[in-house]
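Okay, here's what each chain looks like letter by letter:
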Amino acid sequence: MITTLRASNIAKLDREPFDVLVVGGGINGAVSAAALSAQGARVALIDRGDFAGLTSQESSNLVWGGIKYLETGEVALVSKLCSSRNRLIKTYPSSVREIRFFVNVEPGFRRSHFTLYCGTLLYWAMGNFFTRAPRLLSATDIASEEPVIDMRGGSGGFEYSDAYLVDNDARFVFGFIRGALDHGAIIANYVQSLGAQRREDGLWHTQACDGETGRTFEIRSRVLVNACGPLVDAFNALNGEQTKNHHVLSKGVHLIVRRLTPSRRVLTFFADDGRLFFVIPLGPVSCIGTTDTRVDTLPPLVTDEDRHFILENVNKRLRLPRPLTAEDIISERCGVRPLVTGNGASASADWTALSRKHAIEVDHARAHVSVFGGKLTDCLNVGEEVTEIARTFGIDLPFEGSRWYGEPPDEIRDEYFHQARLMRLDELTAPESSEQLSTRLWRRYGGSALSLLDDIRQDPRMAQVLIAGTEYIRCELHHAAQREMITKLEDFLRRRSKIALIAKKREIERAPGLLEACTILFGDDAQHKFDEYFADRERRESLRPSVPTPMPEAPAA
Ligand SMILES: Cc1cc2nc3c(=O)[nH]c(=O)nc-3n(C[C@H](O)[C@H](O)[C@H](O)COP(=O)(O)OP(=O)(O)OC[C@H]3O[C@@H](n4cnc5c(N)ncnc54)[C@H](O)[C@@H]3O)c2cc1C
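Residues numbered from 1 in each chain as written. Predicted model: local features only at pLDDT ≥ 70, side-chain atom pairs only at ≥ 80, totals over all residues. Heavy atoms only, no water.

J.: Quick question: what am I supposed to make of the overall build of the protein chain here?
T.: Tallying secondary structure elements over the protein chain gives 18 helices and 18 strands in all. For 557 residues, the compact-globule estimate of 2.2 N^0.38 gives 24 Å, and the C-alpha radius of gyration of the protein chain, at 23 Å, lies within 12% of that figure. The buried share of the protein chain, taken over its 557 residues, is 57%. Here the contacts in the protein chain between residues at least 6 apart in sequence split such that 73% fall between residues at least 24 apart. Summed over its atoms, the accessible surface of the protein chain is roughly 22,500 Å², and 53% of this surface lies on carbon and sulfur atoms. Taking the 69 positively charged and 74 negatively charged side chains of the protein chain as two groups, their mean positions are separated by 2 Å. (Helix = DSSP H or I, 4+ residues; strand = E, 2+ residues; numbered from the N terminus. Rg over C-alpha atoms; globule rule 2.2 N^0.38 Å. Buried < 20%, exposed > 50% of the residue type's maximum accessible area, 1.4 Å probe, protein only. Contact = heavy atoms within 4.5 Å. Areas by Shrake-Rupley, 256 points an atom, 1.4 Å probe, with all protein chains shown as cover. Lys, Arg positive; Asp, Glu negative; His and termini not counted. Charge placed at Lys NZ, Arg CZ, Asp CG, Glu CD.)

What follows is the structure in structure tokens.
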């Protein structure tokens, strides 16, 4: 059972000292643990919630070179992000895929569509021509290829490429956590660090609390990596760690609604505030956003103003059968971008102009590392930089250069698809799914998908959809229970899968099979975990402002 994996890891955390303790299991902590453990360091990682449960589950799911930073002249950043994007597309061919951004430029915009198109040519060149070439679009092209776009007298636009995460960001992060576990890292979710001190024995002593039992204990490590995302400053303050860099927080909200266009493209506009605004395909739904508001407190909440901004902007720009209203919202995503104010730059300076670069600050005297800012897109660089820093602290990396990221090699992939074809797996594809079962299992589980085939061969019921209305089959639940450290139902519904994003709460609650899924995941604790999830969502929803969102007039047909 999965509780055994978590419980046995927690029991190991306070035994021997580790080389490195990573605090925080968002993308930055996950890649740090994956890179270090694969190269032979003894690594522990804890997160006070679930992996990717804070910022890393709230992104736009884009792996992109940051085209918009060209306008602020951040050429070096764009160039670096483009090569990070290309590396992820190459090494994760099934889960990080190129996608076209289809842009309509409205009349009166600050730059003409031709000028912007020239910018995309530069962007393409900066990405080493790795993706498909940009394309200039006339008004007629846009009207015929994306009739859902309301042209509003526009004269044209352009199309260019970046990439996206086919599943979701949190699943992508979990891939690194799983990789680190496979390389011997001792990892547990729902374990909070209460603070850490560097003692005379030359070790960090970190106090930790198991959120499930309330038990406190100490973890010792030679190096401490603070990867607490927006809470990096708070954790440093707890440990008496002084840094030059700090965070400023900017809230970003996305709304998820039914699929607004059948095409697999990101519809891209400039919103009323002049910022880029996206309608992104996410399986059977569309994810719309985002906003950009300075905030000082956590957790960030979606306000009626945020909803109004997003719905108004999308309704203005798309020709929908009727305007979208708050009733159409299936789910919401809300996170804060941790933006770096480095080397004395004032937090009150123009925060919208702050660079999106990450900064890794090292305290050499105390063997302490703080990871500030960053993007999912840049994650491989963060893993490599943290490894390099660990080496400077004398951490032994006996398997230096070992592969710590990427999908399994072609031979394993070929064998998997060969076995899937022999079993006629795709004839079992669930009616809810728009893609073949073999493709989906490979993307989600990589080499472990072979053991799922084995489960299905032994018991064909393992290929049946378990939770009605979703595409998840019975063997996936068994796999999650054993290997994905599902501690709460939300971990599965919101992060290991995207069920909670694509279905409304009341549909999930009534879905036949959900209780059986809970039994597979939690055994005797199933009913308790089921009730806990729905009570918790109820509580969070009651925190939302209750004023109805004012809706715009329907656009002229
Ligand atoms: C709206 C929005 C859209 C974005 N879109 C994109 C995009 O499309 N592409 C892209 O590349 N990037 C995007 N980003 C940026 C990216 O999502 C973030 O930079 C990244 O997820 C930050 O990861 P992190 O690991 O630093 O932080 P987090 O994901 O927040 O992880 C920090 C972790 O530390 C844990 N923690 C904190 N304190 C403690 C403690 N005391 N003890 C134990 N654990 C602790 C937290 O629980 C949390 O899980 C977006 C961000 C936002 C907000």
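J.: Is there a simple way to think about the site of the ligand in this case?
T.: Among the 35 residues in the neighbourhood of the ligand, the closest are listed as D47, T55, S56, L62 and G374. Separating a nitrogen atom of the ligand from a backbone N or O atom of R48 is a distance of 2.9 Å. Burial of the ligand by the protein amounts to 97% of the accessible area it has alone, namely 1,000 Å². Residue assignment for the shell around the ligand shows that the elements contributing at least two residues are α2 (27–38), β8 (191–198), β11 (246–258) and β16 (331–341). In the shell around the ligand, the residues fall into 13 nonpolar, 17 polar and five charged. (Near = heavy atom within 4 Å. Polar contact = N/O pair within 3.5 Å; in protein donor to acceptor, adjacent residues only side chain to side chain. Nonpolar A, V, L, I, M, F, W, Y, C, P; charged D, E, K, R; others polar.)

J.: Got a minute to help me understand the packing of helix α10 (residues 410–422) against helix α11 (residues 437–445) in this structure?
T.: Describing two packed helices takes the angle between their axes plus the distance from one axis to the other. Look at α10 against α11: their axes get within 10 Å of each other, and the N-to-C directions meet at 145°. Along this stretch, α10 crosses α11, giving a crossing that reads as right-handed. In this structure, α10 uses I412, R413, Y416, F417 and A420 to contact α11, whose residues at the interface are L437, S438, T439, L441 and W442. Considering only residue class, the contact of α10 with α11 consists of seven nonpolar, two polar and one charged. (Axes fitted to C-alpha atoms, helices over the stretch in contact; angles between N-to-C directions. Left-handed = near helix turned anticlockwise from the far one by under 90°.)

J.: Which parts of the structure should I look at to understand the nonpolar core?
T.: Soluble globular proteins: nonpolar side chains tend toward being buried together. Of all hydrophobic cores here, the largest spans 75 residues; its most connected members are L13, V96, F172, F176, V225 and W404. For V96, the contacting residues outside a window of four places in its chain are V63, L88, I89, A163, Y164, L165 and F172. Y160, Y164, I280 and C287 belong to the second-largest nonpolar core, a separate cluster that totals 32 residues. (Core = buried A, V, L, I, M, F, W, Y, C linked by side-chain atoms within 4.5 Å.)

J.: Before we go on, may I ask you to explain the environment of L311 in this structure?
T.: Checked against the element boundaries, L311 lands in helix α8 (residues 304–317). Residues L311 and L260, spaced 51 residues apart in sequence, show a C-alpha to C-alpha distance of 13 Å.

J.: Help me out: how do you make sense of the pairing of strand β13 (residues 276–282) in this one?
T.: The side chains of a regular strand alternate, first on one face of the sheet and then on the other. Here β13 lies mainly inside the structure; seven of its seven residues are buried. Neither face of β13 is left uncovered, since the one carrying L276, F278, I280 and L282 and the one carrying F277, V279 and P281 both have all their residues buried. Of the pairings in the sheet, the one linking strand β12 (residues 265–270) to β13 comprises four bridges and is antiparallel in character. Within β13, the position partnered with F269 by the bridge is F277. Taking the residues between adjacent antiparallel strands as the criterion, β12 and β13 are bridged by five residues, where G274 takes a positive phi near 85°. One ladder, built from five bridges, connects β13 with strand β14 (residues 285–289); its direction is antiparallel. Paired with P281 across the two strands is S286, which belongs to β14. Linking β13 to β14, which pair antiparallel, is a turn of two residues; within it G283 sits at a positive phi near 55°. (Pairing = 2+ DSSP bridges.)

J.: What is the right way to read the pattern of salt bridges from this model?
T.: A side chain with one charge can pair with a side chain of the opposite charge if their charged atoms come near. Overall, the coordinates contain 54 salt bridges when judged by the stated rule. Among the salt bridges present, the one from E484 reaches R171, with a minimum N-O distance of 2.8 Å. Placement of E484 in the loop between α13 (474–483) and α14 (489–496) and of R171 in helix α6 (residues 169–182) is noted, with a sequence separation of 313 residues between them. The class of E484 is buried, set by a relative accessible area of 2%. The shortest N-O distance in the salt bridge between R444 and E476 comes to 3.3 Å. With R444 in helix α11 and E476 in helix α13, this residue pair connects regions lying 32 residues apart in the sequence. For E476, a relative accessible area of 1% gives the class buried. A single network of salt bridges, built from pairs that share partners, joins R100, R135, E145, E146, E159 and R265. (Salt bridge = Lys/Arg side-chain N within 4 Å of Asp/Glu carboxyl O.)

J.: I'm lost on the side chain of E241 in this one. Help?
T.: Structurally, E241 is set in the loop between α7 (232–239) and β11. Note on E241: relative accessible area 7%, which makes it buried. Separated by 2.8 Å, the side chains of E241 and R366 make a polar contact. Excluding its chain neighbours within four sequence positions, the residues that come into contact with E241 are W204, N236, D363, R366 and H368.

J.: What's the story with the confidence of the model for the protein chain in this structure? I'm lost.
T.: One rule of thumb: low pLDDT means the predicted coordinates there are not for detailed reading. Considering every residue of the protein chain, the mean pLDDT works out to 92; 93% of them sit at 70 or more. Confidence over residues 545–557 falls short of pLDDT 50; this stretch has 23 contacts with residues more than four positions distant or in other chains. (pLDDT = per-residue confidence, 0-100.)

J.: Where do I start with a negative patch on the surface in this structure?
T.: A grouping of D410, E411, D414 and E415 is seen on the molecular surface, where their side chains present a negatively charged patch. Mapped onto the elements, E411 comes out in helix α10. Residue E411 is classed as exposed on the basis of its relative accessible area of 58%. (Patch = residues over 30% accessible without salt bridge, like charges linked within 9 Å, V, L, I, M, F, W, Y side chains within 5 Å.)

J.: Got a minute to help me understand α8 in this structure?
T.: Helical geometry: 3.6 residues make up each α-helical turn, so side chains three or four residues apart lie on a common side. With 14 residues, α8 should cover 20 Å at 1.5 Å per step; its first-to-last C-alpha distance of 20 Å lies within 8% of that length. Burial in α8 covers these residues: D304, D306, R307, I310, L311, N313, V314, N315 and R317. For α8, the elements touching its buried residues are β11, β12, β13, β14, β15 (293–295) and β16. (Expected span 1.5 Å × (residues − 1).)

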